[in-house]
Amino acid sequence: MSQQPFTPPQRGKSAFHCPHCGAYSNQLWGIAHAARGGGGLVRIDGINIGWCTHCHNDTIWVDDGLVYPEARQAPPPNEDLPEEIKTDYEEAASIIGKSPRGAAALLRLCIQKLCKHLGESGKNINNDIASLVKKGLNPTIQKSLDIVRVIGNEAVHPGIIDLKDNPESAIILCRLINIIAEAMITQPKMIEGLYSSLPEDKKEQIEKRDN
Ligand SMILES: [Zn+2]
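In this text the structure is predicted, and so the values were computed from the model without any measurement.

Enquirer: Could you clarify how one ought to interpret the coordination of the zinc ion in this entry?
Expert: When a metal holds four donors in a tetrahedron, each ideal angle between them is 109.5 degrees; when it holds six in an octahedron, the ideal angles are 90 or 180 degrees. Coordination sphere of the zinc ion, protein contribution only: Cys18 (SG), Cys21 (SG), Cys52 (SG) and Cys55 (SG), at 2.3 to 2.4 Å. Between the 4 donor atoms coordinating the zinc ion, the angles at the centre fall across 105 to 117°, so the site counts as tetrahedral. Linear spacing of the donor residues for the zinc ion on their chain is C-x2-C-x30-C-x2-C. Residue cysteine 18 is found in the loop between strand E1 (15–17) and strand E2 (24–35), and its partner cysteine 55 is found in the loop between strand E3 (41–52) and strand E4 (58–62); the two are separated by 37 residues along the sequence. Cysteine 55 sits in the partly exposed class, given a relative accessible area of 23%.

Listed below in structure tokens is the structure:
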């Protein structure tokens, strides 16, 4: 997979992370046609077909919704997430196209479980994230949660994105989970690994300094 930041599939886009092969790849677009009653081919309005130039598989879109393959619009979960959370995350990722609101509900549950895993109460996402920020999590994560809350607001006003029509905020939640896992699990693990590879005498010097 390329180092390109995760780009979710989107109808008409020239390149994205392919839901079949996972590669960031160029996409070619066509309009669906069907033979009706022995006549010539008739254009089917609203159905578009994308073709991955990397794996040569099709994506099928009805208006802006990806209907085939089983929507895979989310980035893969962070490898260091606990298995239980990874399972919920994968389930959410598989329904983002069909039910962004269902996906968002599951992803909120993932955030709660992750906060609990990180030693927070798991009862209130906002309080837990605030507490994690005090422990060194990037404060912009709080802002991102605010964005999700604004987008997810039940009251739909003209010009405001409706969560049920739009997988964007579910994808933002996926990214948040991965950012939190990266900052609070993966990076400390990496640093711990680097530290433990230091020679014993150096470690003793550091520990003496810290005491
Ligand atoms: Zn592909």
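Enquirer: Is there a simple way to think about the sheet that holds E3 in this case?
Expert: Across a sheet, strands are paired by hydrogen bonds formed along the backbone, either parallel or antiparallel in direction. Pairing in this open sheet of 5 strands is antiparallel, and the strands run E1-E2-E3-E4-E5 from one edge to the other. Each edge of the sheet is formed by a strand with only one pairing partner; in this case those strands are E1 and strand E5 (65–68). With strand direction ignored, the average angle separating the axes of adjacent strands in the sheet is 50°. Direction of pairing for E3 relative to E4: antiparallel, over a ladder of 5 bridges. Each bridged residue has a counterpart across the sheet, and for tryptophan 51 the counterpart in E4 is aspartate 58.

Enquirer: What am I meant to see in the pairing of E3 here?
Expert: Two faces belong to every sheet, and in a regular strand the side chains alternate between them. Direction of pairing for E2 relative to E3: antiparallel, over a ladder of 8 bridges. By the bridge assignment, glutamine 27 is partnered in E3 with cysteine 52. Connecting E2 to the antiparallel partner E3 that follows it, the hairpin turn spans 5 residues, and glycine 37 within it adopts a positive phi of roughly 55°. The turn linking E3 back onto E4 is made up of 5 residues, and histidine 56 within it adopts a positive phi angle of 65°.

Enquirer: Where do I start with the packing of helix H2 (residues 100–117) against helix H5 (residues 168–196) in this structure?
Expert: Packed helices, taken two at a time, are described by their axes: the angle between them and the distance between them. One way to put it is that H2 packs onto H5 with a least axis distance of 9 Å and a crossing angle of 15°. By the angle class used here, H2 and H5 are roughly parallel. The interaxial crossing formed by H2 with H5 has left-handed handedness. Residues Pro100, Ala103, Ala104, Leu107, Arg108, Cys110, Ile111, Leu114 and His117 of H2 touch H5, and the partners they reach there are Ala170, Leu173, Cys174, Ile177, Ile180, Ala181 and Ile185. A breakdown of the residues in the contact of H2 with H5 according to their chemical character gives 14 nonpolar, 1 polar and 1 charged.

Enquirer: Can you help me understand unusual backbone geometry in this one?
Expert: Trans is the common state for peptide bonds, and a negative phi is the common state for residues other than glycine. Here the bond from tyrosine 68 into proline 69 is cis, since omega is 0°, no more than 30 degrees from zero. Positionally, proline 69 belongs in the loop between E5 and helix H1 (83–95). A positive phi angle, near 65°, is found at histidine 56, a position not held by glycine. Locating histidine 56 in the fold gives a position in the loop between E3 and E4.

Conventions we followed
- Residues numbered from 1 in each chain as written.
- Predicted model: local features only at pLDDT ≥ 70, side-chain atom pairs only at ≥ 80, totals over all residues.
- Heavy atoms only, no water.
- Donors = N, O, S within 2.8 Å, 3.2 Å for Na, K, Ca; no water.
- Tetrahedral: all angles 85-135°; square planar, octahedral: opposite > 155°, others 65-115°.
- Helix = DSSP H or I, 4+ residues; strand = E, 2+ residues; numbered from the N terminus.
- Buried < 20%, exposed > 50% of the residue type's maximum accessible area, 1.4 Å probe, protein only.
- Pairing = 2+ DSSP bridges.
- Axes fitted to C-alpha atoms, helices over the stretch in contact; angles between N-to-C directions.
- Parallel < 35°, antiparallel > 145°, perpendicular 65-115°, else oblique.
- Left-handed = near helix turned anticlockwise from the far one by under 90°.
- Contact = heavy atoms within 4.5 Å.
- Nonpolar A, V, L, I, M, F, W, Y, C, P; charged D, E, K, R; others polar.

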